[in-house]
Protein chains: 6
Amino acid sequence: MATLIEYEQASDEVRAVYDDIRATRKTEYINNFWKALAVHPPTLKRTWEMVKSVMAQPGALDPLTRELIYIAVSLTNNCEYCVASHSTAARAKGMTDEMYAELVSIVGLANMTNRLAHGFNVPVDDVFRR
Amino acid sequence: MATLIEYEQASDEVRAVYDDIRATRKTEYINNFWKALAVHPPTLKRTWEMVKSVMAQPGALDPLTRELIYIAVSLTNNCEYCVASHSTAARAKGMTDEMYAELVSIVGLANMTNRLAHGFNVPVDDVFRR
Amino acid sequence: MATLIEYEQASDEVRAVYDDIRATRKTEYINNFWKALAVHPPTLKRTWEMVKSVMAQPGALDPLTRELIYIAVSLTNNCEYCVASHSTAARAKGMTDEMYAELVSIVGLANMTNRLAHGFNVPVDDVFRR
Amino acid sequence: MATLIEYEQASDEVRAVYDDIRATRKTEYINNFWKALAVHPPTLKRTWEMVKSVMAQPGALDPLTRELIYIAVSLTNNCEYCVASHSTAARAKGMTDEMYAELVSIVGLANMTNRLAHGFNVPVDDVFRR
Amino acid sequence: MATLIEYEQASDEVRAVYDDIRATRKTEYINNFWKALAVHPPTLKRTWEMVKSVMAQPGALDPLTRELIYIAVSLTNNCEYCVASHSTAARAKGMTDEMYAELVSIVGLANMTNRLAHGFNVPVDDVFRR
Amino acid sequence: MATLIEYEQASDEVRAVYDDIRATRKTEYINNFWKALAVHPPTLKRTWEMVKSVMAQPGALDPLTRELIYIAVSLTNNCEYCVASHSTAARAKGMTDEMYAELVSIVGLANMTNRLAHGFNVPVDDVFRR
């Protein structure tokens, strides 16, 4: 079982990250992932900074699309925690049951055709090279 | 090297699939993936039917989002062909260089946090269970 | 590029393994895999002993079935060398083009349903538990 | 936990698939995988059609060999559900404990040598290229 | 659930392996991995011989470094058993909480950059080729 | 082929990262990975910051051990670029051919036993739980 560091028992360094998570996400809730990483403050800090930069800053992809991509990877890697947490985040951003089912279908299909491409040793078309 | 079946040498069964690919995608071009699968017509036929159903029929996810999800899986699995072909498809549907770079960043990040969640043995939060 | 150790330049320890490979497989040909492992004789020796034990000794599975299983794993892991070498071995044991295409189809399908099972969070049926 | 759709609560579209599963497999039992996919009928329908085509139609590979290949992929991908369900199917088709143990050994071995081939950067032998 | 073969019920062949595990590791404790493999004595024997050769014999890498590498692979593959057992072994050889957290960080980072290298299609530098 | 951004054509933002890479690594050489990431400056910047923090700052693991762990993951994921670049880095920090061969052997072994643990469904020993 993971050791989970609660805000009350956390060092100032960890509290600063928790505070930033709360401010960025506009919620009091700190999920277990961060409480577990807090056993090693440098890992907590740099991971949060990257997640914040990749997932929470303005960019060309909208927030829901980012979550769908995150779930696609997590399903491929069989990560139960990440699927559960990012599915919750995606639902809060508008993912319906229909969208989730379509997402899972695409993930399944791509995992299949990735192996067909390899098994039939398909050469990349010239028109696909940039 | 893969054996690639051209339209001219193809059986009627294979030609029927090629014709449907052309009609569905509104292009004369048949990419190597299908030409390679054509060595085994049942595989060609059922794979195309699934790709058509998952990727080309109306649904809750728009066509570009579906391609981004496809690429996310293919990058995680290290499938050069699938990344090249679906990146080309995604660009035709509006993916910019900026969007691609953000996609790759999310794929990298998710592959990282999938292992952090496992390494720190993080229990799924009750609020993430449905 | 790998360093490949030829029989003529090999130490007695390496030659003994090469001799056993030749005797077991009833062929003079030593493939590159073994010539590359020969740079580290303990790795060469223990790997060959395991391959010989798992693949070449009598058992409940016939030699062709063993090769098909080997290819299934290698396709899933995207190992070009292992697919090429074990496909050649499988053909020598009777694998036809038809069988290979069916094998690739099953590998693709299983890679798909593995993710569907995860994505839809399917609980194991009681009747499947032993 | 997955939502499982029972026959009694299912739509006509879902019941038609369940009926075909029962007729094809000659059993009344519908396993959880299908009951979970039934939340999204298009996914249920196309997945069953592909499983039926790949696994249940006559071909060059016998039914037991197909199951062994399926298990090999599922073990490599760490899919508990798929290993459990297809092991049960394989036993019904004649897989003994001995055969299962040999299967697991080959899967382990291939996962090992896939990395040795990569680590020692082994070039594909000319005789393995077709 | 696995069948676990205890020493008392084991055949002479299995007992000989258990005795060697005890002598090599200087402990009476046989962990579940070996008790489960004992259902198929040839798998037990050859797996132990390889583990003993790779992990327990003198070489260029010290015992703790070997365990860290083992955990890195097991985290990447999401193998709960192997992470638990080799983390215990690593702690017995000196791994601190700090070292474990750094290990997990590196594993996460490498899993991320592996995909960035693929996504940005980075060519291998000439200076990295030997 | 990747677009590679050279120092001369780089923006100030990219040059600042290149300068920090050079100062941190005490070398003029910027490898292709960074030149490719430079097409998207935010990805370049945050990736370098994490690599610098995880790999180049003082900690409980020595620099060579960190590189060995990096290679172990990259071999498991079949990332040619990462194996090549981190093998070069590891050699500069003292990795011998002997050490590399032992590393590859451990990576192969762990990939094997990860599947054996799954295939034989081994329960985690109570003594391995913390």
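Worth saying up front: this structure is predicted, and the values here are computed from it rather than measured.

What counts, and where the lines are drawn
Residues numbered from 1 in each chain as written. Chains lettered and ligands numbered in written order. Predicted model: local features only at pLDDT ≥ 70, side-chain atom pairs only at ≥ 80, totals over all residues. Heavy atoms only, no water. Contact = heavy atoms within 4.5 Å. Buried area = accessible area lost by both parts, 1.4 Å probe. Salt bridge = Lys/Arg side-chain N within 4 Å of Asp/Glu carboxyl O. Polar contact = N/O pair within 3.5 Å; in protein donor to acceptor, adjacent residues only side chain to side chain. Helix = DSSP H or I, 4+ residues; strand = E, 2+ residues; numbered from the N terminus. Axes fitted to C-alpha atoms, helices over the stretch in contact; angles between N-to-C directions. Parallel < 35°, antiparallel > 145°, perpendicular 65-115°, else oblique. Left-handed = near helix turned anticlockwise from the far one by under 90°. Nonpolar A, V, L, I, M, F, W, Y, C, P; charged D, E, K, R; others polar. Core = buried A, V, L, I, M, F, W, Y, C linked by side-chain atoms within 4.5 Å. Buried < 20%, exposed > 50% of the residue type's maximum accessible area, 1.4 Å probe, protein only. Least-squares fit on C-alpha atoms with pLDDT ≥ 70 in both. Phe/Tyr/Trp six-rings, centres within 6.5 Å; stacked < 30°, edge-to-face > 60°. Lys NZ or Arg CZ within 6 Å of the ring centre and 35° of its normal.

Explanation requested: the interface of chain C and chain A in the structure shown.
Interfaces are frequently sized by the accessible area removed from exposure as the parts join. Counting from both sides, the interface comprises 21 residues of chain C and, opposite them, 21 residues of chain A. Where chain C abuts chain A, roughly 1,600 Å² becomes buried across the two surfaces, and 68% of that area is made up of carbon and sulfur atoms. Of all residues in chain C, Met112(C), Arg115(C) and His118(C) give up the largest surface area on contact with chain A, accounting jointly for 36% of the area buried on that side. Where chain C meets chain A, there are zero salt bridges. At the boundary of chain C with chain A, the tally comes to six residue pairs in polar contact (both at pLDDT 80 or more). Contributing elements (two or more residues each) for the side of chain C that touches chain A: helix H4 (63-76), helix H5 (80-92) and helix H6 (97-119) of chain C. A per-element tally of the side of chain C that touches chain A places H6(C) first, with 13 residues.

How should the packing of H4(C) against helix H6 (residues 97-119) of chain D be read in this particular structure?
For any two helices packed against each other, one specifies the inter-axial angle together with the distance between the axes. With their axes 9 Å apart at the nearest point, H4(C) and H6(D) run at an angle of 45° to one another. The orientation of H4(C) with respect to H6(D), classified from their angle, is oblique. Like other packed secondary-structure pairs, H4(C) and H6(D) cross with a definite hand, here right-handed. Taking contact as the criterion, the partners of Arg66(C), Ile69(C), Tyr70(C), Val73(C) and Ser74(C) in H4(C) are, on H6(D), Glu102(D), Leu103(D), Ile106(D), Val107(D), Leu109(D), Ala110(D), Asn111(D), Thr113(D) and Asn114(D). When grouped by side-chain class, the residues that make up the contact of H4(C) with H6(D) number eight nonpolar, four polar and two charged.

Teacher, can you tell me more about the environment of Asn78(C) here?
Inspection of the secondary structure assignment puts Asn78(C) in the loop between H4 and H5. Distance in space between the C-alpha atoms of Asn78(C) and Tyr29(C) is 25 Å, their sequence separation being 49 residues. Setting aside anything within four residues of it in sequence, one finds Asn78(C) in contact with His118(A), Asn77(B), Asn78(B) and Asn78(F). In terms of polar contacts, Asn78(C) uses its side chain to reach the backbone carbonyl oxygen of Asn78(B), at 2.9 Å.

What is the right way to look at the nonpolar core in this model?
Within the largest apolar cluster, 306 residues are counted, with the highest numbers of intra-cluster contacts made by Trp34(A), Trp34(B), Trp34(C), Trp34(D), Trp34(E) and Trp34(F). Other than its neighbours up to four places away in sequence, Trp34(E) contacts Tyr18(E), Ile21(E), Arg25(E), Leu44(E), Thr47(E), Trp48(E) and Val51(E).

How should I be thinking about the relation of the copies chain F and chain E in this particular structure?
One chain copy maps onto the other through a rotation about an axis and a shift parallel to that axis. Screw-axis analysis of chain F against chain E gives a translation of 0.0 Å along the axis, an RMSD of 0.0 Å, and a rotation angle of 180°. Here the transformation between the copies is reduced to the relation of a two-fold axis. A share of 100% of the interface residues of chain F reappears at the interface of chain E, consistent with the copies meeting face to face through the same patch.

What is the right way to look at the interface of chain F and chain E in this model?
Residue-level contacts link 64 residues of chain F with 64 residues of chain E. Looking only at chain F, the three residues that lose the most surface to chain E are Ile106(F), Phe120(F) and Phe128(F), adding up to 11% of its buried area. If you look at where chain F meets chain E, you find two salt bridges. Our count for the contact surface shared by chain F and chain E stands at 20 residue pairs in polar contact (both at pLDDT 80 or more). Put simply, the parts of the chain that give the side of chain F that touches chain E at least two residues each are helix H2 (32-37), helix H3 (41-55), helix H4 (63-76), helix H5 (80-92) and helix H6 (97-119) of chain F. Sorting elements by how many residues they give to the side of chain F that touches chain E places H6(F) first, with 17 residues.

Which parts of the structure should I look at to understand the relation of the copies chain C and chain A?
The transform that puts chain C on chain A rotates by 180° and translates by 0.0 Å along the axis, for an RMSD of 0.0 Å. When you check the interface residues of chain C against chain A, 100% turn up at the interface there too, and the contact is symmetric in its surfaces.

Could you clarify how one ought to interpret the packing of aromatic side chains in this entry?
Each pair of aromatic rings is reported with the distance of its centres and the angle of its planes. Under the definition given, this model contains 30 aromatic pairs over all chains. For the pair Phe33(E) and Tyr81(E), a centre-to-centre distance of 6.3 Å together with 25° between the ring planes defines the contact as stacked. Remark: Tyr81(E) occurs in helix H5 (residues 80-92) and Phe33(E) occurs in helix H2 (residues 32-37); sequence separation between them is 48 residues. Grouping residues by exposure puts Phe33(E) and Tyr81(E) together as buried. Seen in terms of ring centroids, Trp34(F) and Trp48(F) are 5.4 Å apart; in terms of plane orientation they differ by 90°. Their pairing is edge-to-face. Of the two residues, Trp34(F) sits in helix H2 while Trp48(F) sits in helix H3, which places them 14 residues apart along the sequence. Given a relative accessible area of 2%, Trp34(F) falls into the buried group. Residue class for Trp48(F) comes out buried when judged on its relative accessible area of 3%. In textbook terms, an aromatic cluster arises when at least three aromatic residues are bridged by ring pairs, as seen for Phe33(A), Trp34(A), Trp48(A), Tyr81(A) and Phe128(B). The residue whose ring lies beneath Arg91(A) is Tyr100(A), and the NZ or CZ to ring-centre distance is 5.7 Å. Above the face of the Tyr7(E) ring, Arg22(E) is positioned so that its terminal group lies 4.9 Å from the ring centre.

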